[in-house]
Each structure stands twice: as structure tokens, then as C-alpha cells.
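Breakdown of the fold
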Amino acid sequence: MKCTLRENRLIFRCIVASALAAVPAAGVRAQVSVPQSYVIPPADLACILTGNRVDLQCLIANDPDFKRIRAEEAGLFNEALAAARSNTLDPFHQIETLGKLEIFDPRLSVNSNLACSFCHDPAAGYGNGASILSVFTGGANPGSVPITVHGAYPNNRMAKRNPQSYVYSPYFPPLQYNPTQGDFYGGNFWDGRATGYRLMNSAAEQAQDPPVDPEEMANPDTACVVWKLSTGSYKAFFEQVWGRGTLDIAWPGNVATICSTPKGAASLGGSATPLALSSIDRTRANQAFDEFGQAIAAYEISPAVSAFTSKFDLFLSGNGTLTAAEARGYDLFRGKAQCNTCHLDGRSNTGGSGAADTGAATNVAPMFTDFTYNNLGLPRNPVLPWYSENTPDQWGFTGNPLGIGFTDTGVGLFLGGYYGPPPNLSWGQLEPYFEGKFQTSTLRDTAKVPYPNFVKAFMHNGYLHSLKEVVHFYNTRDLYAQNVPSGQCRVGTIEKVTCWPRPEDPNNMNMVIGHLKLTDAEENDIVAFLGTLNDGFVSATPTARPAIQRKPTTPPPS
Amino acid sequence: MRSRHLILPLAAACFVPAAVYFALSRPPAPPAISSFAGPERIVEPPELESATDTTAFIRWTATSVSGTRERYGIVHYGTAPDQLTLSARSPTRWNSAFPTMVFRVHLHGLQPATRYYYTVESRQAVGEPDQLDSPVGRFITAPSP
């Protein structure tokens, strides 16, 4: 293992050489870099293949993070099921609990082996929860469908991006183009394609996508999700929330066969609705699928996920203080570093002009995003298995026919028709202005990790592995720019330290960032401040409030 | 404006009173927003921030910034000062708390060891270009490594 001391003396970077020993001749090769603190778990060592690839089936069976996530998942599902069966929940908590059941229910995937929470680990801020994936797959997670074609890499269908956290996602408004600002606001997903236009709820529509994404939960028909709900342990609770008879649908005799066939299978003939339902039952199934998504959004907006209990929230309330480093970081965040140009913090702004900050909170629930989209100029992350998914799996499905030739243009994919025409056809003409852009994520809970030394994947492609790297990238992207592919920085420079390879898509690259002239200590202060945005600093349980002195009521006339 | 000039003779020929014509053809008045402070003014002239063999960053600072939050810096460039036939545009975002705004434009696909000339302008995300008085600058890319 070759390690290089980073020039600022804070971060070591190691090149995992063990897996480079014998590189096969064909296919995508990627150099893997990890923080020095990371040690490949012994249980995973046998899962590391040549060429820095990983045996997904081996990891699914052995990786300690995967085991932790599944244990948490089972515990939270059972907790929700007990609450649902308690008959003590008011309507408000019923729908939240239903969403919780759905999110932690692996039955809702085609092979009944993958819950939403597998890729959205609560302990990791509802993003990727497996260090091994952050390092070797850019945080991209395996889906429900193993790939059994001999010699195929990856040996499991894999999502094409690092899963985006869904904390506070219901606070993102439905996607709209603002003609006065010439900008898009709102939506869910890295590329905004969960517009929310139909349900007027972006998070609910986002929740409807992974269950039928062939790379993720892979159900072949949205009605298959409804069928599983109608045969599951909380069917009665679903109908308690949405109405008796909601799931009364006449299912065809082959429902079990169809619903265990992964989406994209050649045998389905390309149909998005292979389940043969009457028009009335199809309408009912569509409605129940909408309700499925709405319940998930209800859980996501609940205090269990979007809590407003961070140290910064306490500070905003005037009841908490920041440490010296956090306070310096906050001043930089809204000053020299200009982070709050996009990550709105709800506070008055000193603007670096010396103007007095009144300290008054203009918004006591800031989202730390302006809901827009930007191209940060991130280099391609060649470890994403997506680039290798260019041959048919045993079902005849090819996830990425372009292979390494695929360029992730973010909103450009959405507006350009990659997923089909955008719902507002006039948006298509805006594609040149939004190519390469990805959603400005909230910074809330971005620093949350399940345990010390956990390696988190940041950004849509998981290219960055720590908040220090993120801030350093914003600070020096253009200072250390090299016109080289990822993994091929010139001799004498260190990738992610003194070298940033060329962007995957150079068009529309945001120029607020790139040369912020921050010192190493200032970068560290900003990282310290970001840590104050983790929820859980204060209790989410309503606390005692001051007693209210009520006027004595006038006794009624006798 | 162009269509007005084209239509005016026709309107006069049709004996439409000029006042009526202009009332009909005038574009809607922009909303009266006091923060639209007028044209930008360059306070730090365009300069080369850095360059490699194939890329360059041009930056300048403007004041009296107003308008849409997303804005574009645009560099017109070429290998002769009177032939700035190429252009590059980079979006940036205006933070209204700052009295000035730094525009930076990323040029890529340049030739190594080549002298380039350039001028700059800026645009809002929608609407008219900002009025800048940009000098012609020049820079040389690095030789191939």
C-alpha cells in the first residue's frame, strides 16, 4: 500500500495497491483512492477483485456495513409494524408510520431483497451506508437483481449514481422554471426529474421511481408494488390510512410470475404495464401507487427524518452557541467562501463588506439549498460500475449500452429526453443551459456518519470522500486544474490534493467556486461548521414550554 | 426595435396615426424595481487568472450588479485581435450581499503555446446583455507538457 502525505499535513491518501497486482486486459480500469484511516474490513478482502473491482454478491453476503444496515432496517420495520398494530396512532402519525413501513420493507423489490433504506441508510444521513461502496463503486449501490452471466462485471445490477439523501426532500417544491430568473427551482433527484407536477409533491414522485428502476428495485410494473402491498403484513393498515377497499384489485393468475420478473427482461417485451388489469383495476392500482409515494413523503418530512434538531437550529433559536472553529467556519460560509450563495442559511449576510450582521434569523428553518442546479465541474468517477454495464445480463437487459462513453449530464439527461420527453415539452429547449447541472443538495445531515472513520461518498458520482475533500475541491478546482482524465494526474501532483482532473462535462460550469483562496485552516473551519448541521443535537421530542397564565373564566350565571 | 423599423413605413402608409402605432407596438414596460441599478461597470479589468496548455480562466470584477441571480460571463476570443470569432460562457451566481461580483470564464479546447486575444461581456440568465466597456486582452497558453 502506497501512502502519500498530503501537503497540508492533515490528510493522507493511499493508493490501494493490493488490488492492482494483476489487472485483467480488458474493460474499465480505475484507480481507487481512500483516506488513510480506512481499512478494508477483513470480511471484504475476498470480495476485492483485480482491477479494483468488487464482487457484489460477496459483499452483499459479508460486508459488515451491509449487515448493519439490514439489522437496522429490520428493527425499524418491526418498530413501525408494532406501532401500526397498536391502534394508538392519530391520523397524522398513521401516514408517517405507513411510509416508514414502506421504506424499510425489502419485499417491495422484485426479488424481495432490497428496501429503499438499503441505499438510504439513516445512520449515514439517509445516503449510501457502506464504506466499501464509497471507495470502490462511487457510493453506487447494488439493486435487487444479481447478474449471473459468467465473467460479467458488475455481477449485480447497479445504480448509475451515488444515492442522494432524502432528508428534507419534501421541502423541495415541485419543479418549476422561473422565466424571470431564467432558472429551475425545486424537484427531487440529482437531475430534478421527479418534478412533482402530477401529485404536486416532488418527494412522493421521487419515491415512485426506484421501485420500478431496473437498476434498483426492478419491479416490472408499478402495479406489482401495489400487489405486494395488498399481500403484505400491513395491508390493513394501508387501507386504514387510505380507505377500505383501496387494495381490492382483481389480480391476474400470473401476477406472481410477472412480478418476480425484473424490469427490462426481454420476456416482458418492453411493456411498462405487463400485468393485465381491467381499466378500473389499473386506475385503482395507479391511485394506490400514488398513495404509496405520498406516505413515503409523509415519513420523509416527519421529525424522524427531517428533524430541525441540529446544533445550528439551536443556535438560530438563540439558545445555543457555536465553538470558535464553527463560528469562524460559519463566517466563511456566508462570507469569503460564498457557500450561502446557493446553500441558503436563512441569516442576514455580512457579504464580506464589513456591513453589520444583525444576527436576526430571517428564516428559522433554512434548507441550506436554493433548490437550483449547478455544474460543479466534477471529474468523472471511473470506479462507477455503471460504465461497465454495457452488455446484456441474463434477462437480456443492458443498463448502459454506451459503457464508458456515457456522460452524465444531469439535468441535461432529463431535459434532453434520456428518460423520455420532459413533462413540460417547452423545457426541452433549455437543455443547453442546464447540461451538466445537478441539484444543489441540502447540507443538513451531510456530515452524518454511522461511526468514526466511515468513508462517505459525496456528490452525484461519489468522486469525493470527505467534507474536507469537498471544501478543498470548491476552493482549488481551478487552481489545480489539469487537462487529464481521472487517475492520470501528472507526476509530482496528487489527485484531489494538488490536481483536479478535467470535468466530466465542462459546459455550464459554475464559476462562483474553483478559486476561493481559502487557507487550509479556513477549509477546516468550514468543515467544522458543516458538522453543526447534523440533526440529533437536541431532542426531537417536544419539550416543556412555559406555563401559560390563563385568565380565570367568568362563572356562568346561576 | 428591428420589427418596429420594418413596420413603421407600412403603418404610415396605412395612415395609422403614429401615436396609436407606438402605443400598440411598444413592448411592455419593465416592472419598476428600484434594485435595477443600471449597467454594470468593470472595477477590476479582465485578466488571465491561470492557463494550461489547453485551458484558461479569465476573470474580472464588476459593480452595480443587478438582475437575475444566475448570470453569464462571456469571453470572445481568437488568435488575432480583430478576429475574436470564438466565445466561451460560464454561469455564475450573484450573491446580493456583495457589492461587487467576480466573473470568471472557463475557456477549454485551446491550442498549446498560442497567443489569444479576448474581450468580455456579461449577460443575465434572461434579457438583454449587460453593457460593459471591455478592453482587448491577451494571453499565451502553456506549451504541451
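Quick caveat: nothing in here was measured; it's all calculated off a predicted structure.

**So, the overall build of chain A**
- Counting its regular elements, chain A contains 16 helices and 11 strands.
- Classification of the 558 residues of chain A by burial places 53% in the buried group.
- Contacts in chain A between residues far apart in sequence, at least 24 positions, make up 66% of those at least 6 positions apart.

**Re helix α16 (residues 520-530) of chain A**
Residues and elements named next belong to chain A.
- In terms of residue burial, α16 counts as a mostly covered element, since eight of its 11 residues are buried.
- Of all the positions in α16, only Glu523, Asn524, Asp525, Ile526, Val527, Ala528, Phe529 and Leu530 are classed as buried.
- In this structure, the buried side of α16 is in contact with α12 (324-333) and α15 (467-476).

**Description of the sheet that holds strand β3 (residues 70-78) of chain B**
Residues and elements named next belong to chain B.
- Sheet architecture is open: four strands sit in the order β4-β3-β6-β7, paired in antiparallel fashion. The sheet is open, and its two edges are formed by β4 (86-93) and β7 (137-140), each paired on a single side. Sheet twist, expressed as the average angle between the axes of neighbouring strands with direction ignored, equals 35°.
- As paired elements, β3 and β4 share eight bridges and run antiparallel to each other. By the bridge assignment, His76 is partnered in β4 with Ser87.

**Details of the packing of helix α3 (residues 91-103) of chain A against helix α10 (residues 279-300) of chain A**
Residue and element names in this part refer to chain A.
- Between α3 and α10, whose axes approach to 7 Å, the crossing angle comes to 105°. In this view, α3 runs roughly perpendicular relative to α10, as classed from their interaxial angle. Taken together, the residues of α10 that come into contact with α3 (itself represented by Ile95, Glu96, Leu98, Gly99, Lys100, Glu102 and Ile103) are Phe292, Ala295, Ile296, Ala298 and Tyr299.
- Classifying every residue of the contact of α3 with α10 gives eight nonpolar, one polar and three charged.

**Focus: the pairing of strand β2 (residues 55-63) of chain B**
Residues and elements named next belong to chain B.
- Counting buried residues along β2, seven of its nine residues qualify, which places the element largely inside the surrounding structure.
- Of the strand pairs in this sheet, strand β1 (residues 41-51) and β2 are connected by seven bridges, and their pairing is antiparallel. Residue pairing in the sheet places Ala51 in a bridge with Ala56 of β2.
- Count of turn residues in the β1/β2 antiparallel hairpin: three residues.
- Sheet analysis places β2 next to strand β5 (residues 100-108), joined by nine bridges and oriented antiparallel. Within the sheet, the bridge partner assigned to Thr63 lies in β5 and is Thr100.

**Concerning the environment of Ile258 of chain A**
Residue and element names in this part refer to chain A.
- Along the chain, Ile258 turns up in helix α9 (residues 255-259).
- Judged by local crowding, Ile258 falls into the buried class, with 22 C-beta atoms found within 10 Å.
- Residues contacting Ile258, with those up to four places away along its chain left out, are Pro220, Asp221, Pro274 and Leu275.

**Comments concerning the interface of chain A and chain B**
- Contacts between chain A and chain B engage 25 residues on the former and 26 residues on the latter.
- Considered class by class, the residues forming the side of chain A that touches chain B number eight nonpolar, 14 polar and three charged.

**Quick notes on the nonpolar core**
- In terms of nonpolar packing, the biggest core is built from 137 residues, with Val226 of chain A together with Val75 of chain B touching the most fellow members.
- Here this core gets nine residues from one element, more than from any other, and that element is α10 of chain A.
- If you look at the next biggest cluster of nonpolar residues, it comprises 13 residues, including Leu175, Phe189, Phe414 and Phe438 of chain A.

**Details of the environment of Pro42 of chain A**
Residues and elements named next belong to chain A.
- By secondary structure assignment, the location of Pro42 is in the loop between β3 (33-35) and β4 (48-49).
- The class for Pro42 is exposed, based on 9 C-beta atoms found within 10 Å.
- For Pro42 and Asn62, which are 20 residues apart along the polypeptide, the C-alpha to C-alpha distance reads 9.6 Å.

**Quick word on unusual backbone geometry**
- The step from Tyr153 of chain A to Pro154 of chain A runs through a cis peptide bond, and the omega angle for that step is -5°.
- In this fold, Pro154 of chain A is placed in the loop between β6 (142-146) and β7 (156-158).
- Even without being glycine, Met459 of chain A reaches a positive phi, approximately 80°.
- Take Met459 of chain A: it is sitting in the loop between β11 (438-439) and α15.
- Phi angles above zero are rare outside glycine, and Ala113 of chain B is one such case at about 50°.
- Tracing the backbone shows Ala113 of chain B in the loop between β5 and β6 (115-124).
- For Ala113 of chain B, a count of 11 C-beta atoms within 10 Å corresponds to the exposed category.

**Description of the sheet that holds β1 of chain B**
Residues and elements named next belong to chain B.
- What the three strands build is an open sheet, ordered β1-β2-β5; its pairing is antiparallel. Each having just a single partner strand, β1 and β5 make up the two edges of the open sheet. Taken over all neighbouring pairs, the strand axes of this sheet differ in orientation by 15° on average, direction set aside.

**Observations regarding the pairing of β3 of chain B**
All names here are of chain B.
- β3 sits mainly inside the fold: seven of its nine residues count as buried.
- Sheet analysis places β3 next to β6, joined by eight bridges and oriented antiparallel. Each bridged residue has a counterpart across the sheet, and for Gly78 the counterpart in β6 is Tyr117.

**Focus: the confidence of the model for chain B**
Residue and element names in this part refer to chain B.
- This prediction gives chain B a mean pLDDT of 76; 72% of its residues lie at or above 70.
- Of all secondary-structure elements in chain B, the lowest mean pLDDT belongs to helix α2 (residues 18-25), at 32, while β7 reaches the highest, 96.
- Contacts of residues 1-38 to residues separated by more than four positions or lying in other chains number 11 contacts, the stretch itself having pLDDT below 50.
- Across the interface, the model reports ipTM at 0.79; the global pTM reads 0.88.

**A short note on helix α8 (residues 235-242) of chain A**
Residues and elements named next belong to chain A.
- Residues of α8 that are buried include every one of Phe237, Phe238, Val241 and Trp242, and no others. The buried side chains of α8 occupy one side of the element, clustering within an arc of 120° when seen end-on.
- Where α8 is buried, its residues contact α2 (64-85), α3, α7 (222-230) and α10.
- Taken from the residues just after α8, Gly243 is the one with a positive phi, measuring 115°.

Reading guide: rules and limits
- Residues numbered from 1 in each chain as written.
- Chains lettered and ligands numbered in written order.
- Predicted model: local features only at pLDDT ≥ 70, side-chain atom pairs only at ≥ 80, totals over all residues.
- Helix = DSSP H or I, 4+ residues; strand = E, 2+ residues; numbered from the N terminus.
- Buried ≥ 20, exposed ≤ 12 C-beta atoms within 10 Å, placed from the backbone.
- Contact = placed C-beta atoms within 7 Å.
- Pairing = 2+ DSSP bridges.
- Axes fitted to C-alpha atoms, helices over the stretch in contact; angles between N-to-C directions.
- Parallel < 35°, antiparallel > 145°, perpendicular 65-115°, else oblique.
- Nonpolar A, V, L, I, M, F, W, Y, C, P; charged D, E, K, R; others polar.
- Core = buried A, V, L, I, M, F, W, Y, C linked by C-beta atoms within 7 Å.
- pLDDT = per-residue confidence, 0-100.
- Arc of directions from axis to C-beta.

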